[in-house]
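Residue-level listing of the chains:
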Amino acid sequence: MKTVIATIIEKNEYRIEIDVENDATEDEIWDAVKEVYLEDDYNNMAKVDSNYDIKIKIWRLKQFEKNRRFVFIKGSIADKAVITRIFKTYHPSAVVNLAAQAGVRYSITNPDTYIESNVIGFYQILEACRHYPVEHLVYASSSSVYGSNKKVPYSIDDRVDNPVSLYAATKKSNELMAHAYSKLYNIPTTGLRFFTVYGPAGRPDMAYFNFTDKLRAGKTIQIFNYGNCERDFTYIDDIVESVRRVMYQAPKKAIGNDGLPVAPYKVYNIGNNSPVNLLDFVKILSEELVRLEVLPVNFNIEAYKELVPMQPGDVPVTYADIGPLEADFGFKPRTSLREGLRKFA
C-alpha cells in the first residue's frame, strides 16, 4: 500500500510528508530532505510568524532519515498544483491527512490560517482523492466538535452542531465535506476525533510542555476554570496504533435502494476513555518531573499554581466513548496519564 501522510510543519509554510515505496536510496532521500528544508537559514525560519518554535519539527524530520520509504516534499496543502503533482506522481492507495492548524485559543487571534489549512487545504485533498481515486482517506477531526455538550462520555452519535471555537467549526466542516465526497464520489473516508493528544515530541504550546518550561524557570502556571476542567488525555503511541488499524480497514462501499452509492463514511473517537482533572494532571506532571530530576526533589508545586477563569473557546470536560473503535478494530487506548507523562519527562 502506498500512503500519503500530510502534516503541517509551519503555520505559513506547510510541508507534506509522503511515505511511499520507491527506489531511492537512504542517502538520496535524506539529502533531498536537507536540501529542501534542513539547510535553510534556520535563524530566518524561526522568525516566520508562528505560534511556536519549529526546532522540534526539524527534530521530528530527522527521525525519518533512516527510513528508506520516506520522502519529504515542501509545499502547501492549500496549493492545488502541489497536491495534484503528488497524486499524479505517487498514485497513493491510502491517504492519511493529519495536516491542520491546531489549537482552540490560537484560532481566536489567527482565524485566517485555520480557513486556509483546515478548510481550503482539506478541500484540495478531497479533490485529489476524487480525481485520482484512492482506497481510503483517513483524516484528523477533533474532540472539539462536541463543543460544550453536557452529555458524557461523548458519543459519535451525539449532535455536534454547536462549536464554541473556529477551530472546532473547521473540524466539523471537514466531517461534512468528507461525507459529501463519500456520497457523491464513493470515496471511503474515516474521520478520527482525537482527544487531547500528548507525547514527548508533541506541540510545545500544549499545557504539559508549557507548564514544564515555566516550572523549570521558576514561573507560575495558570490553571483555567480554577482547575475545574477534565481532559481525556491520549498518548501518541495509542493514536498511532489507532490510525494504523483504521487505515487498513476502509468503510465498505454499497449501493442503496435508489441505485446511488451509500456513503462509505465513518467517524470514530480516539481517546483514553478516562478523563483526568487538571489539578490531578498538574500533580502527576510535577511528580514525574521530580522523579526524573527535571525539577528539584523538594519542589513544591502548590507554590507555583495560579487558578484563573475559563478561557474563551474552552470546554469544562472531554470524555471519549470509544466503544465503536473497540468493536470495529479490537483496540482501545490504554496508556495511563502517569505512564505517558513519565515518557515525556
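Residues numbered from 1 in each chain as written. Predicted model: local features only at pLDDT ≥ 70, side-chain atom pairs only at ≥ 80, totals over all residues. Heavy atoms only, no water.

Visitor: How should the nonpolar core be read in this particular structure?
Guide: Core analysis: the largest hydrophobic core is formed by 26 residues, its most contacted members being Tyr-208, Phe-281, Leu-337 and Leu-341. The set of elements that each furnish at least two residues to this core consists of helix H8 (207–216), strand S8 (221–223), helix H10 (278–291) and helix H12 (337–344). Considering each element in turn, this core owes the most residues, 7 residues, to H10. Look past the residues within four positions of Leu-341 in its chain and what remains in contact with it is Tyr-198, Tyr-208, Phe-281, Ile-284, Leu-285 and Glu-288. (Core = buried A, V, L, I, M, F, W, Y, C linked by side-chain atoms within 4.5 Å. Buried < 20%, exposed > 50% of the residue type's maximum accessible area, 1.4 Å probe, protein only. Helix = DSSP H or I, 4+ residues; strand = E, 2+ residues; numbered from the N terminus. Contact = heavy atoms within 4.5 Å.)

Visitor: What is the right way to look at helix H6 (residues 111–131) in this model?
Guide: Taking 1.5 Å as the rise per residue, H6 with 21 residues should run 30 Å; its terminal C-alpha atoms sit 29 Å apart, in good agreement. Its maximal kink placed at Gly-121, H6 deviates by approximately 25 degrees. Taken together, the buried positions of H6 are occupied by Thr-113, Tyr-114, Ser-117, Asn-118, Gly-121, Phe-122, Gln-124, Ile-125, Leu-126, Glu-127, Ala-128 and Cys-129. On its buried face, H6 is in contact with helix H4 (80–90), strand S4 (94–97), helix H5 (104–109), strand S5 (136–142) and helix H7 (166–185). (Expected span 1.5 Å × (residues − 1). Bend = angle between axes of the 7 residues up to and from the residue.)

Visitor: Which parts of the structure should I look at to understand unusual backbone geometry?
Guide: Outside of glycine, negative phi angles account for most residues, and trans bonds account for most peptide bonds. Here the residue pair Val-152 and Pro-153 is connected by a cis peptide bond, since its omega of -5 degrees sits within 30 degrees of zero. Of note, the phi angle at Tyr-226 is positive, near 55 degrees, even though the residue is not glycine. By relative accessible area, which is 44% here, Tyr-226 ends up partly exposed. Of note, Asn-273 is a non-glycine position whose phi angle comes to about 60 degrees, a positive value. Relative accessible area serves as the criterion here: at 27%, Asn-273 is assigned to the partly exposed category.

Visitor: Teacher, can you tell me more about the layout of surface pockets here?
Guide: A water-sized probe, rolled over the atoms, reveals where empty space remains. Considered as a void within the structure, the second largest pocket measures approximately 170 Å³ in volume. Taken together, Pro-200, Pro-204, Phe-209, Thr-212, Asp-213, Arg-216, Leu-289, Val-294, Phe-344 and Ala-345 make up the full set of residues lining the second largest pocket. The dominant element in the lining of the second largest pocket, judged by the number of residues it contributes, is H8, at 4 residues. Counted by class, the lining of the second largest pocket contains 7 nonpolar, 1 polar and 2 charged residues. (1 Å grid on protein atoms, 1.4 Å probe; cavity = no way out; pocket = protein on both sides within 12 Å on 5 of 7 lines; lining within 4 Å. Points joined across faces, edges and corners; volume = space filled by probe spheres on them. Nonpolar A, V, L, I, M, F, W, Y, C, P; charged D, E, K, R; others polar.)

Visitor: Got a minute to help me understand the packing of aromatic side chains in this structure?
Guide: What describes a pair of aromatic rings is the distance from one ring centre to the other and the angle between the planes of the rings. Applying the stated criterion across every chain, the model contains 18 aromatic pairs. Geometrically, the ring pair formed by Phe-64 and Phe-70 is stacked, given 4.5 Å between the ring centres and 15 degrees between the ring planes. The class for Phe-70 is buried, based on a relative accessible area of 3%. (Phe/Tyr/Trp six-rings, centres within 6.5 Å; stacked < 30°, edge-to-face > 60°.)

Visitor: Any chance you could explain a nonpolar patch on the surface here in plain terms?
Guide: Where nonpolar side chains cluster on the molecular surface, the patch consists of Ile-115, Ile-120 and Leu-166 and spans about 210 Å² of accessible area. Following the sequence through the fold, Leu-166 ends up in helix H7. (Patch = residues over 30% accessible without salt bridge, like charges linked within 9 Å, V, L, I, M, F, W, Y side chains within 5 Å. Areas by Shrake-Rupley, 256 points an atom, 1.4 Å probe, with all protein chains shown as cover. Salt bridge = Lys/Arg side-chain N within 4 Å of Asp/Glu carboxyl O.)

Visitor: Could you clarify how one ought to interpret the pattern of salt bridges in this entry?
Guide: A side chain with one charge can pair with a side chain of the opposite charge if their charged atoms come near. Applying the stated rule across the entire model yields 16 salt bridges. The partner of Arg-203 in a salt bridge is Asp-205, and the shortest N-O contact between them spans 2.9 Å. Asp-205 sits in the partly exposed class, given a relative accessible area of 32%. For Arg-338, the salt bridge is made with Glu-288, and the minimal N-O distance between the two is 2.8 Å. One end of the pair, Arg-338, is in helix H12; the other, Glu-288, is in helix H10, and 50 residues separate them in sequence. Overall, the relative accessible area of 0% leaves Glu-288 in the buried class. Residues participating in the shared-partner salt-bridge network are Lys-283, Glu-287, Glu-288, Arg-291, Arg-338 and Arg-342.

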